[in-house]
Amino acid sequence: MLRLLISALICIFSLSIARPASASPASAPADWWAAAMEASRLASGYEASRTRISIEALDASGAVVSYERGETRLQRVDGREVVVVVSAEKDGKDASDDWRKRYAKAAESTSRRDGRADRGGPPPGFDAAPFNPAYVGALSIGEAATLGASVEVSFSIDTEAGRVVGVVSFAGSGVALSSTQSWLEPPPLVSFMRSSTRYAYHRGALVVASMELEGEMSILFVKRRFRMRFEFSEWIPAGG
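Residues numbered from 1 in each chain as written. Predicted model: local features only at pLDDT ≥ 70, side-chain atom pairs only at ≥ 80, totals over all residues. Heavy atoms only, no water.

A. Looking closely at the pattern of salt bridges. Within this structure, the stated rule accounts for 16 salt bridges. A salt bridge links Glu71 to Arg50; the nearest nitrogen and oxygen atoms lie 3.1 Å apart. In this pair, Glu71 sits in strand β2 (residues 64-77) while Arg50 sits in strand β1 (residues 46-58), placing the two residues 21 residues apart along the sequence. Judged by its relative accessible area of 13%, Glu71 is buried. The residue Arg194 makes a salt bridge to Glu214 at a minimum N-O spacing of 3.8 Å. With Arg194 in strand β9 (residues 190-202) and Glu214 in strand β10 (residues 205-219), the pair connects residues that are 20 residues apart, well separated along the chain. On the basis of relative accessibility, which here comes to 37%, the residue Arg194 falls in the partly exposed class. Shared partners join several salt bridges into a network, and the residues in it are Arg50, Glu71, Arg73 and Glu234. (Salt bridge = Lys/Arg side-chain N within 4 Å of Asp/Glu carboxyl O. Helix = DSSP H or I, 4+ residues; strand = E, 2+ residues; numbered from the N terminus. Buried < 20%, exposed > 50% of the residue type's maximum accessible area, 1.4 Å probe, protein only.)

What follows is the structure in structure tokens.
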């Protein structure tokens, strides 16, 4: 079950990158959003060379019943990008070799006929994110509310796969801090799916520092909950 989740969802989101917003504290949150949206067109400018992954199977109460955790590194070999498994474990036992075989198989299956790597990606609509410029025409920004030192702004995105609703948290200076969102029409066999994202700055760019995806799948009348967490770090120029 966990292997299927990894294969289907490990690339479910593309990373968004944005420059720090230059708006003053008095600026409207819509201005902060516009600045982040425009800067996110640099999304292809950086890649995380280090990724830590955690995939958990949960019971009905949310307790972990099984897990896989590991760390990968992105390396460039002879002009190609290769994912190297540093370490991995499953339920307390070493699973590094299993992960290496899994990534090797994925690399083979995503190779294009002309020999270039195909990164693949999520189905249409499931890459929707608040600052993804591909959805600027489908984005609606809602009301802003002050919560402590931050300002929370609601949003919705109407995609061909259904509506996505969520909230972005900004600092008073206009810096995007984090976001949460839910898919009102999740993929087939998935009862619910939601995510939370934490942002961080890297050389003036706003990158995704971590992302957590949680949902519930129903297979043969059996419901299985899952939680996946990705932590990204050590950013490098993309395709360099």
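B. View of the pairing of strand β8 (residues 176-183). Looking at chain direction, strand β7 (residues 162-171) and β8 are connected through seven bridges and run antiparallel. Counted as the bridge partner of Val164 is Trp183 from β8. Taken together, β7 and the strand that follows it, β8, pair antiparallel across an intervening segment of four residues, in which Gly174 is found at a positive phi of about 100°. Counting the residues that bridge the hairpin from β8 to β9 gives six residues, and of these Leu189 lies at a positive phi of roughly 75°. (Pairing = 2+ DSSP bridges.)

C. Just helix α2 (residues 29-39), in detail. Of the residues making up α2, those classed as buried are Trp32, Trp33, Ala36, Met37 and Ala39. Where the residues of α2 are buried, they touch β5 (139-147), β6 (150-159) and β7. (Contact = heavy atoms within 4.5 Å.)

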